[in-house]
Structures are given as structure tokens and as C-alpha cells.
Amino acid sequence: MRIIAGRWKGRRIEAPAGDIVRPTGDRVREAWMSIIHPILPDARVLDLCAGSGALGLESLSRGAAQCDFVEQSPKVLKVLEGNLAALGGHEGAAVHRDEALRFVQRLGAGAYDVAFADPPYAGDLAQRLAEHWLAVPFAAVFAVEHSSAISLPSIGETRRYGTTALTFFRHQS
């Protein structure tokens, strides 16, 4: 995988071996970033179920001020930390070993400008994260990747890319 744009454009990042994570495809990541790009400069970003860190790293590359990466797997965290180190690090980056829902349940409204979530397609974590955001909008924009076979709350805007869907929730302040 490569960083698509910004100061780290073209730099390679690693994905964890095996099927422990499902990295976001380049086409979907590029679509995701083109939608979010206008609000990334100086943004506070949250990357939930971070995996390789591709979404948060792409955000930092495009000018986000800070990014908190949340991942629960120790094996995956090592890959993410290695990717961050290979890019030269970033003073605004912080890596948290935690479960995504537990992490956001400790946040207040408006804690972040942008939040990404790329949870496993199996299970209901995408739905639970969206429901929590509706109760406590912890980011101005919350974007969730999920299987196109499921629907998240209709207040979100969903775009489909084959078997993958992105749903964007925007807080109206």
C-alpha cells in the first residue's frame, strides 16, 4: 500500500500479514480522502480500528495536526507503529491499544474534527459506533467503512464501492 497524497505521497506502508485485518483498498481510500480532504488541514483526527494506520497516516500526510490511532490487536499495533516510524514519525500522532467502542464512549461531543472507523465487517461494531456517534457526536464528521450489504442509520450519507460502503455522518453545529 502507498500513501496517496501529501507530504508522504508515494511512500509505502505495510499491512499486517494474514487475514487479521482487511486493509481499505486504494480506490475506496482515495474516494474517502477526496470527500474529507477539504477539512483535513490542521484537523484533529481519530482513526478507529486503525489496522495499518492508512487512513490516519493519509490524514497526517495531507496536513492534519494530530491523529489518535486506536487498535486493539498487539500484533497489528506493531505494524502501525512501524509504519509511523518508517515515515519519520509525527509529533501529533498517538497510538492507543483499546477497543474502538470503549475508546469513543469516553469522549465528549466535538472531541475530534474527523473520525474514521474501519471495523471488521462481521459483527455489529459499525452499527454500534454509528449509534454512539448519534448520541454523542464525538467528531464533526464521522466516516465508517462497512459491508455494502448492511445499512447504517439513514441520517448518514452512504456511498457504495462494490462490496464496500462508506457512510458519512456530519454534525450540524
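All residue numbers here refer to positions counted from 1 along the written sequence of the relevant chain. Only residues with pLDDT of at least 70 are given local features in this predicted model, and only at 80 or more are side-chain atom pairs given and counted; all residues enter the totals for whole chains, interfaces and linings. As a rule here, side-chain values cover all heavy atoms of the structure and leave hydrogens and water aside.

K.L.:
Mind showing me how you'd approach the packing of aromatic side chains here?
P.N.:
Two aromatic rings, taken as a pair, are described by how far apart their centres are and by the angle between their planes. To pair, rings of Phe, Tyr and Trp, with the six-membered ring standing in for Trp, must have centres within 6.5 Å; the planes then decide the type, stacked if under 30 degrees apart, edge-to-face if over 60, and tilted in the middle. Applying the stated criterion across every chain, the model contains 4 aromatic pairs. Centroid distance W32 to F116: 5.4 Å. Interplanar angle 85°. Geometry classified as edge-to-face. Separated by 84 residues along the polypeptide, W32 in helix α1 (residues 26-36) and F116 in strand β4 (residues 112-117) bring together distant segments of the chain. Exposure categories follow from relative accessible area, calculated using a 1.4 Å probe and restricted to protein chains: below 20% of the type maximum is buried, above 50% is exposed, and the middle band is partly exposed. The exposure class of W32 is buried, given its relative accessible area of 0%. Ring geometry for F138 against F142: centres 5.1 Å apart, planes inclined by 65°, an arrangement best described as edge-to-face. By relative accessible area, which is 0% here, F138 ends up buried. A connected cluster of aromatic rings, assembled from ring pairs, spans W133, F138, F142 and F169. Helix and strand definitions follow DSSP, with helices as H or I runs of at least four residues and strands as E runs of at least two, each counted in order from the N terminus.

K.L.:
Can you walk me through the sheet that holds strand β7 (residues 164-170) in this structure?
P.N.:
In any sheet, the strands associate via hydrogen bonds between backbone groups, in a parallel or an antiparallel arrangement. A pair of strands is labelled paired if DSSP reports no fewer than 2 bridges between them. What the 7 strands build is an open sheet, ordered β3-β2-β1-β4-β5-β7-β6; its pairing is mixed. Every other strand in the sheet has two partners, leaving β3 (93-97) and β6 (157-161) as the edge strands with one partner each. This sheet shows a mean twist of 15° between the axes of neighbouring strands, independent of strand direction. With 5 bridges connecting them, β4 and strand β5 (residues 139-147) associate as parallel partners. In the strand pairing of β5, Y112 is matched with A139. The criterion used for residue contact is that any of the two residues' heavy atoms lie within 4.5 Å. For helices, the fitted line uses only the C-alpha atoms of the stretch in contact; every axis is such a line through C-alpha atoms, and the angle between N-to-C directions lies from 0 to 180 degrees. In the packing of helix α2 (residues 54-61) onto the sheet, the strands contacted are β1 (44-48), β2 (66-71), β3 and β4, and the crossing angle to β2 comes to about 175°.

K.L.:
Would you mind showing me how to read helix α5 (residues 125-135) here?
P.N.:
An α-helical turn contains 3.6 residues, so any two residues separated by three or four positions project in the same direction. Listing the buried residues of α5 in full gives L125, A126, L129, A130, H132 and W133. Take α5 and look down its axis: the buried residues cluster within an arc of 160°, on one side only. Where α5 is buried, its residues meet β1, α4 (100-105), β4, β5 and β7. In this context, the arc is that of the directions from the helix axis out to the C-beta atoms.

K.L.:
How do you make sense of the pattern of salt bridges when you look at a structure like this?
P.N.:
Opposite charge on two side chains lets them pair, provided their charged atoms get close. Here, a salt bridge means any Lys or Arg side-chain nitrogen found within 4 Å of an Asp or Glu carboxyl oxygen. A full pass over the atoms with the stated rule returns 6 salt bridges. The closest approach of N and O atoms between R44 and D113, which form a salt bridge, is 3.0 Å. Taken together, the positions of R44 in strand β1 and D113 in strand β4 put the pair 69 residues apart, joining distant regions of the chain. A relative accessible area of 24% means that D113 is categorised as partly exposed. The network of salt bridges with shared partners includes D98, R102 and R106.

K.L.:
Got a minute to help me understand unusual backbone geometry in this structure?
P.N.:
Most peptide bonds adopt trans geometry, and most residues besides glycine take a negative phi value. For D42, which is not a glycine, the phi torsion comes out positive at approximately 65°. Structurally, D42 can be placed in the loop between α1 and β1. The phi angle at C49 is positive, at roughly 55°, despite the residue not being glycine. Inspection of the secondary structure assignment puts C49 in the loop between β1 and α2. Residue C49 is classed as buried on the basis of its relative accessible area of 16%.

Interpretation note: all reported values are geometric properties and have no functional meaning in isolation.
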